[in-house]
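Each chain, letter by letter, is given below.
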Amino acid sequence: MTSKIDRTFARLRQGGEKALIAYVMAGDPSLDMTEQLVVELEQAGADIIELGVPFSDPIADGPVIQQAAERALRSGTSLRTILSMITRLRTRTQIPLVLMAYYNNIHAFGHDRFCHEAAQAGVDGLIIPDMPPDEASSLKGPAAAAGLQLIFLLAPTSTAERRTFVARQSQGFVYYVSLTGITGAKLRNLADVGKNVEKIRKVTHVPVAVGFGVATPEDAANVAAIADGVIVGSAIVKQIAAHQQKPEMVKRVAEFVRSLKTAMRAAQSKSR
Amino acid sequence: MDSVPNKQGRFGAYGGRYVPETLMPALLELEQEYARAKKDRRFQSELAYYLKHYVGRPTSLYFAERLTKRLGGAKIYLKREDLCHTGAHKINNAIGQGLLARRMKKPRIIAETGAGQHGVATATVAALFGLQSEIYMGTEDMQRQALNVFRMRLLGSTVTGVDAGSRTLKDAISEAMRDWTTNIRTTHYILGSVLGAHPYPMMIRDFQSIIGREARRQILAAEGRLPDCLIACVGGGSNAMGLFHAFIRDKKVKMVGVEAGGLGVASGKHAARFAGGKPGVLQGTMTYLLQGDDGQVNLTHSVSAGLDYAAVGPEHSYLRDQGRAEYTSVTDDEAMAAFDLLSREEGIMPALESAHAIAHTVKVAPTMKKNQLLVVNLSGRGDKDVQHIAKIRGITL
């Protein structure tokens, strides 16, 4: 049986499209708002939703997502309440959902229980930024048993040896970190990103999505030209933060996501 | 006991490399480079040269006669790491890693610091080897240790305040890791304690193990036998690992690590990981960690900035599980009283971190026989804490 993530990439490929993977921090500013956001972002063109799990010490994240995590923790968000929200969400949408969680939250929950409950709630995959495949052996069994895909990351610093090692273990897609840095930094040197995506494609058949530093519709279009998926995080979280007190917040964020997808589609149809 | 860590950087269930992929190649490179340096006679003789002529090693093992008499029990020896250049054991590791950075041709070094001792040691090494350096420090700690902030700047380092989370050591480490992730091609991260991802806990232990090697030789020369017990304070735990390592196979030598009990373990305001924590992953390593049920890391409290950290070095977790070392805690007040006691009985002002080891000594020495031997690691000197202590006591200088 193929997964929701696999089917989404396959469907998009047939239509000559690239996947837009939209990141929101669960619980920022509240889980109710996150629920609405996921539904509206799907309508606006997001193909996969990456839900951040707030952690007290997010070492891979820049200030924008750090602050979002602080807001989410202040609103009382925990992995448990996020899973309940996802259960509710699953009555409204079947969009693939990927959790981005730091490892300690999963470790504290317990591998078996977490994988089982996350899959039950409707989670499709996991991205754990501080768990390279080297440390993943104890999570692989429970994740596979529950049908959760483990998505691993590659970076510009990865050697050829690691590229093969990591890419071959990544399920659903490979998350290529576009830059040497943390989330929300500025995207540079697209040509290098393209070359690295090509190198990854030589060692795996799973799609390659590019994230970190994709901030504008133009960035999204450029990345769509070289990768199978475009991951946008900090730029979306910034929109949520800027409009969080306003009733039209969800609408504004959806408009931004629509502008990303529109730019990606325009670039794709031009290239065909 | 087998030699630890294994190839994956595991001390039993603890340790490992829980870091973003961007850092993995650098950690693997560091591990290889360190393994080569360890076998390289030139590197070792260079390290020995600086430790002797620059740091001032060996530091003395001093018989604290008046303190011994006052407490009326075991003979107390102090391993005088406070006599190292820059005033604490931190320089042992900073010199070692500074030489490694030079060997790896990294022109820039970064570090985190809590009490400021490691920051000062790193800033010193940067000046010594002509490296560019930036030190991350929580803004709360910058207030507590204003003097050390100024010292680092005098030495030519940039000190960058970190205004996130608890604004202490933990947040400084996260920020240093982010810097390292961003500037990895030009920068070596000189982590200051036996924390973080492999190979750091092993490498830093090795650089600090000179403390125990000297102490073992010195006590044998002075007393003709090994000590009954070793005592050291444990924040991340580098001075403790440094003292313990050479004695690990001497099963009869008891080893005690002293954590920061803050306002008391029951108050929740402390940094006693073995009393209130459970295994988890923070900043690259699996170890005992103060955390909530949902895996969020707790805020900690200690009068001593150097012990104010939510996790402990993974090898300490291993030694504790093995029953090879014991861990206990003393409160802020007990540490402050020990500071006064050592100042007045011996004319030695201990760092507030090291005062925790003295405070435990005050408790156990009287329960031991007069012919028993205690070796206490006096990991740093207290000059840096004078202003902070004045402030606590409401004295304007």
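Residues numbered from 1 in each chain as written. Chains lettered and ligands numbered in written order. Predicted model: local features only at pLDDT ≥ 70, side-chain atom pairs only at ≥ 80, totals over all residues. Heavy atoms only, no water.

A. Highlighting the interface of chain B and chain A. Taken together, the 37 residues of chain B in the interface contact 35 residues of chain A. With both sides pooled, the region where chain B packs onto chain A buries about 2,800 Å², and carbon together with sulfur makes up 52% of that total. Taken together, the links from chain B to chain A amount to three salt bridges. With a closest N to O distance of 2.6 Å, Glu135(A) and Arg10(B) form a salt bridge. Across the chain B-chain A interface, the total number found is 17 residue pairs in polar contact (both at pLDDT 80 or more). Mapped by element, the contributors of at least two residues to the side of chain B that touches chain A are helix H1 (24-39), helix H8 (169-182), strand E11 (278-282) and strand E12 (285-289) of chain B. The element best represented in the side of chain B that touches chain A is H8(B), accounting for eight residues. Considered class by class, the residues forming the side of chain B that touches chain A number 15 nonpolar, 12 polar and 10 charged. (Contact = heavy atoms within 4.5 Å. Buried area = accessible area lost by both parts, 1.4 Å probe. Salt bridge = Lys/Arg side-chain N within 4 Å of Asp/Glu carboxyl O. Polar contact = N/O pair within 3.5 Å; in protein donor to acceptor, adjacent residues only side chain to side chain. Helix = DSSP H or I, 4+ residues; strand = E, 2+ residues; numbered from the N terminus. Nonpolar A, V, L, I, M, F, W, Y, C, P; charged D, E, K, R; others polar.)

B. The pairing of strand E5 (residues 108-113) of chain B, seen in detail. All names here are of chain B. For E5, the tally of buried residues reaches six of six residues, placing the bulk of the element in the interior. Residue alternation in E5 divides its side chains into two sets, Arg108, Ile110 and Glu112 and Ile109, Ala111 and Thr113, and both sets are buried. Direction of pairing for E5 relative to strand E6 (residues 132-138): parallel, over a ladder of six bridges. Bridge pairing in E6 links Glu112 to Tyr136. (Buried < 20%, exposed > 50% of the residue type's maximum accessible area, 1.4 Å probe, protein only. Pairing = 2+ DSSP bridges.)

C. Representation of the sheet that holds strand E5 (residues 149-151) of chain A. All names here are of chain A. Taken together, the nine strands give an open sheet; going across it, the order is E5-E4-E3-E2-E1-E9-E8-E7-E6, and neighbouring strands pair in parallel fashion. Each edge of the open sheet carries a strand with a single partner, namely E5 and strand E6 (153-154). Contacts between helix H11 (residues 234-243) and the sheet are confined to strand E1 (19-25) and strand E9 (229-232), with E1 contributing the most and set at about 45 degrees to the helix. (Axes fitted to C-alpha atoms, helices over the stretch in contact; angles between N-to-C directions.)

D. Main features of the nonpolar core. Grouped together as the largest cluster of nonpolar side chains are 164 residues, with contacts concentrated most on Ile49(A), Leu51(A), Ile86(A), Leu99(A) and Phe244(B). Top element by residues in this core is helix H12 (residues 249-271) of chain A. It accounts for eight residues. Excluding residues within four positions of it along the chain, Leu99(A) makes contact with Leu51(A), Val53(A), Leu79(A), Ile82(A), Leu83(A), Ile86(A), Phe114(A), Val123(A), Gly125(A), Leu126(A) and Ile127(A). In this structure, Leu78(B), Ala260(B), Ala357(B) and Ala359(B) belong to the second largest nonpolar core, which totals 28 residues. (Core = buried A, V, L, I, M, F, W, Y, C linked by side-chain atoms within 4.5 Å.)

E. Molecular detail of helix H7 (residues 137-146) of chain A. All names here are of chain A. Taken residue by residue, H7 has Leu139, Pro142 and Ala143 as its buried positions. Summarising the axial view, the buried residues of H7 lie within an arc of 100 degrees, below the 170-degree limit, and thus occupy one face. More than 90 degrees from the buried face of H7, the exposed residues found are Ser137, Ala144 and Ala145. Contact partners of the buried residues in H7: helix H5 (103-109), helix H6 (111-121), strand E4 (125-127) and E5. (Arc of directions from axis to C-beta.)

F. Geometry of the pattern of salt bridges. Residues and elements named next belong to chain A. A full pass over the atoms with the stated rule returns 50 salt bridges over all chains. Between Lys4 and Asp124 there is a salt bridge, and its shortest N-O distance comes to 3.3 Å. Separated by 120 residues along the polypeptide, Lys4 in helix H1 (residues 4-14) and Asp124 in the loop between H6 and E4 bring together distant segments of the chain. Via salt bridges that share partners, Glu17, Asp47, Lys261 and Arg265 belong to a single interconnected network.

G. Expanded view of the packing of helix H3 (residues 63-74) of chain A against H11(A). All names here are of chain A. One way to put it is that H3 packs onto H11 with a least axis distance of 9 Å and a crossing angle of 50 degrees. By the angle between their directions, the pair H3 and H11 is classed as oblique. In this structure, H3 crosses over H11, and the sense of that crossing is left-handed. Residues Val64, Ile65, Ala68 and Arg71 of H3 lie in contact with H11, whose contacting residues are Ser234, Val237, Lys238 and Ala241. Here the contact of H3 with H11 is composed, by residue class, of five nonpolar, one polar and two charged. (Parallel < 35°, antiparallel > 145°, perpendicular 65-115°, else oblique. Left-handed = near helix turned anticlockwise from the far one by under 90°.)

H. A look at the sheet that holds strand E8 (residues 187-189) of chain B. Residue and element names in this part refer to chain B. An order of E7-E6-E5-E8 is seen for the four strands of this open sheet, with the pairing classed as parallel. Among the strands making up the open sheet, the edge pair consists of strand E7 (158-162) and E8. The mean angle between the axes of side-by-side strands here comes to 25 degrees, regardless of whether they run parallel or antiparallel.

I. The arrangement of a nonpolar patch on the surface in detail. Residue and element names in this part refer to chain B. Taken together, the side chains of Met349, Val386, Ile395 and Leu397 define a hydrophobic patch exposed on the protein surface, amounting to about 390 Å² of accessible area. For Leu397, the position within the fold is in the segment after helix H16 (386-392). Since its relative accessible area comes to 75%, Leu397 is described here as exposed. (Patch = residues over 30% accessible without salt bridge, like charges linked within 9 Å, V, L, I, M, F, W, Y side chains within 5 Å. Areas by Shrake-Rupley, 256 points an atom, 1.4 Å probe, with all protein chains shown as cover.)

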